[in-house]
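This is what each chain is made of:
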Amino acid sequence: MLRYTISAFFLLCLFLGNAQEKSKTIDLNPKDTTVYKQPYGLRVGIDLSRLLQTALDEDYQGLEFVGDYRLSQKLYVTGELGNEKKIIQEDLYEFTSSGSYFKAGVDYNTYGNWYGEQNMITLGGRFAVGNFTQSVNEYQLFDSNRYWNAADFVTGAGGPIEFSGRTKSWIEGVVGIKMELFKNLYLGGSIRMGILLSDPQDEGMWSLFIPGFNRVTDNSRFGVGYNYSISYLIPLYKKVKKKEELPEE
Amino acid sequence: MRLTKFILLVGIIGLSFSACEKDDICVDRDTPLLVLEFFDFENREIVKEVSTLVVRGVDGTTTELAIIANISASSVALPLRPNLGTTEFSLSQNPTPSDTATVNVDLVSFSYSTTEIFVSRACGFIANYNTVDGNLTIETGEGNWIKDIEVIIPEVENSNETHVKIYH
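The structure presented is a predicted model; accordingly, all values stated were derived computationally and were not measured.

**Student:** Give a detailed account of the overall build of chain B, specifying residues and quantitative values.
**Tutor:** Secondary structure assignment for chain B yields one helix and nine strands. Moving toward the C terminus, one meets the helices and strands of chain B in the order α-β-β-β-β-β-β-β-β-β. Within chain B, the fraction of its 168 residues that count as buried is 25%. Within chain B, contacts between residues separated by at least 24 positions form 53% of all contacts whose residues are at least 6 apart in sequence.

Structural data, given as structure tokens:
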């Protein structure tokens, strides 16, 4: 390749004298004609934090797939699809919450990449829906009067109680980051703040852990979550980055 | 690298959030007590104080259980047993406190059904009682100091109202 390029330069030399003779004026402000093409495509990945927690915590199982599709220079449509199961031990009862969730939304890249960089610091939003089952495995009845059972609380008679088919929706604000480690391979992370649109204080038993939303706090609709993802960009096409207009001097 | 620093920052913020949890102390609701109030048998609208009232639980064994209340009062709150359908108490009064020979002990049992209710994350489940019914063990000879029992509120959901009227 290099050989041909050099040969081509020699070829150009033939015309050099000619060209200079023809155009008498020299252009002092030549137009920049370099074209910068950026990859566009579908990026798919998996959440590492949920995999790690599944391996380390025997009371937790979780899996989350992440994906996004680039719409324009800064805008991406994005989504997450996941499944979680968590056993939580409270003072007087133990319950299991398990189910699936889907989140869809947009991310806006605020990061000003240098030439050749494909990194992201994003602000985004999601609409999310989760469907889950919450079941009480064992429980004791709270009673501040200790006369009859001084040593321990009375075990509830109901046995395992299952509340299935619960559906909750929420919206999330997301701050995220994605860094290109190798070509088309990205490492990312995000923190999310969710606001439940549905009332978590269900009849029978409150929803205390919603897969995808995370822990529900008493008398509050806010929740906090995070993920760390590794994802691969399937490049579909390349698009020229439009030149940013320079401010006039 | 600017991005590496940013990732570290995101990680630290993420970790600090995961450690934030509200202190779990139950203050919302509690398993209620059964509230007895003492009235005059002759004049059933008038509250009548019991002199030297002593209340103990009775669990069917011969062992005498600890005293729940030892007061002179017109009202007393008693704990029921959520895991059983009945709870028995011995209520004694002594009209002349200086003389232990004048103590009169009566046995009262309450039967009920238990409902388990979820309250909140911190409290978990509590018991409420329904269809409470009072039953006085009739004694021969010296006789009962309690003349009649009337359950006025058979649904025990809090300890702030009188559920049972006892006439003496």
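Let us keep going from here.
**Student:** Residue-level account of the overall build of chain A, with values.
**Tutor:** Within chain A one finds two helices and 10 strands. Starting at the N terminus and walking to the C terminus, you meet the elements of chain A as α-β-α-β-β-β-β-β-β-β-β-β. Burial analysis of chain A (249 residues in total) assigns 28% to the buried set. Considering only residue pairs separated by 6 or more positions, chain A has 65% of its internal contacts joining residues 24 or more positions apart.

**Student:** How would you summarise the pairing of strand S9 (residues 164-167) of chain B if you had to cite specific residues and measurements?
**Tutor:** Consecutive side chains of a regular strand alternate in pointing toward one face of the sheet and then the other. Residues and elements named next belong to chain B. On S9, burial follows the alternation: Val164 and Ile166 on one face are buried, whereas Lys165 and Tyr167 on the facing-out side are not. Here strand S1 (residues 34-39) pairs with S9 via four bridges, running parallel. Considered in S9, the bridge of Phe39 is made with Tyr167. The pairing of strand S8 (residues 148-151) with S9 spans four bridges and is antiparallel. Within S9, the residue paired with Glu150 across the bridge is Lys165.

**Student:** Before we move on, can you summarise the sheet that holds S9 of chain B with the specific residues and values?
**Tutor:** All names here are of chain B. Read across the open sheet, the four strands follow the order S4-S1-S9-S8; overall the sheet is mixed. The two strands at the open ends of the sheet, each matched to only one other strand, are strand S4 (75-78) and S8. The average undirected angle you get between the axes of adjacent strands in this sheet is 25 degrees.

**Student:** Could you give me a rundown of the sheet that holds strand S4 (residues 93-109) of chain A, with the residues and numbers involved?
**Tutor:** Residues and elements named next belong to chain A. Here eight strands make up a closed barrel; going around it, the order is S1-S2-S3-S4-S5-S6-S7-S10 and the pairing antiparallel. Between one strand axis and the next, the sheet turns through 25 degrees on average, direction left out of account. Bridging between strand S3 (residues 75-89) and S4 involves 15 bridges; their strand directions are antiparallel. Opposite Ile87, over in S4, you have Thr96 as the bridge partner.

**Student:** Please give an account of the interface of chain A and chain B that cites residues and values.
**Tutor:** If you look at the interface, chain A gives 30 residues, while chain B gives 30 residues. Among the secondary structure elements, those contributing two or more residues to the side of chain A that touches chain B are strand S5 (120-139), strand S6 (161-182), strand S7 (185-196) and strand S10 (222-240) of chain A. Considered class by class, the residues forming the side of chain A that touches chain B number 18 nonpolar, eight polar and four charged.

**Student:** So what's going on with the nonpolar core? Which residues, and what values?
**Tutor:** Looking at soluble globular proteins, one finds that nonpolar side chains tend to be buried together. In terms of nonpolar packing, the biggest core is built from 46 residues, with Leu34, Leu78 and Phe125 of chain B touching the most fellow members. It is strand S7 (residues 124-136) of chain B that provides the largest number of residues to this core, a total of five residues. Look past the residues within four positions of Phe125 of chain B in its chain and what remains in contact with it is Tyr93, Tyr139, Leu141, Phe142 and Gly156 of chain A together with Glu116, Ile117 and Phe118 of chain B. With five residues, the next largest nonpolar core counts Ile177, Met179, Tyr186 and Leu233 of chain A among its residues.

**Student:** Give a description of unusual backbone geometry that names residues and reports values.
**Tutor:** Glycine aside, residues mostly have negative phi, and peptide bonds are mostly found in the trans state. Residue and element names in this part refer to chain A. With a phi angle near 70 degrees, Asn184 is a residue other than glycine that sits in the positive phi range. At Asn214, a position not held by glycine, the phi torsion is positive, near 90 degrees. Its place among the elements puts Asn214 in strand S9 (residues 214-215).

**Student:** Run through the pairing of strand S6 (residues 104-120) of chain B, naming residues and quoting values.
**Tutor:** All names here are of chain B. Judged from the eight bridges that link them, strand S5 (residues 86-93) and S6 form a sheet pairing that is antiparallel. Pairing of Thr87 across the sheet is with Phe110, part of S6. With 11 bridges joining them, S6 and S7 adopt antiparallel strand pairing. Counted as the bridge partner of Ile117 is Ile126 from S7.

**Student:** Please set out the environment of Pro154 of chain B residue by residue, giving values where relevant.
**Tutor:** Residue and element names in this part refer to chain B. Tracing the chain through its elements places Pro154 in the loop between S8 and S9. On the neighbour-count criterion, Pro154 (14 C-beta atoms within 10 Å) is partly exposed. If sequence neighbours within four positions are ignored, Pro154 has contacts with Asn130, Thr131 and Val132.

**Student:** I'd like a description of the confidence of the model for chain B, backed by residues and values.
**Tutor:** In the predicted model, chain B carries a mean pLDDT of 84, and the fraction of residues at 70 or more is 89%. Model confidence for the complex is summarised by a pTM of 0.77, with the ipTM given as 0.79.

**Student:** Can you lay out the environment of Arg166 of chain A for me, pointing to particular residues and giving the numbers?
**Tutor:** Residues and elements named next belong to chain A. If you trace the backbone, Arg166 turns up in strand S6. Placed 37 residues apart in sequence, Arg166 and Val129 show a C-alpha to C-alpha distance of 11 Å. Dropping the residues within four chain positions of it, Arg166 is found in contact with Phe132, Thr133, Gln134, Asp202 and Ser207.

Calculation notes
Residues numbered from 1 in each chain as written. Chains lettered and ligands numbered in written order. Predicted model: local features only at pLDDT ≥ 70, side-chain atom pairs only at ≥ 80, totals over all residues. Helix = DSSP H or I, 4+ residues; strand = E, 2+ residues; numbered from the N terminus. Buried ≥ 20, exposed ≤ 12 C-beta atoms within 10 Å, placed from the backbone. Contact = placed C-beta atoms within 7 Å. Pairing = 2+ DSSP bridges. Axes fitted to C-alpha atoms, helices over the stretch in contact; angles between N-to-C directions. Nonpolar A, V, L, I, M, F, W, Y, C, P; charged D, E, K, R; others polar. Core = buried A, V, L, I, M, F, W, Y, C linked by C-beta atoms within 7 Å. pLDDT = per-residue confidence, 0-100.

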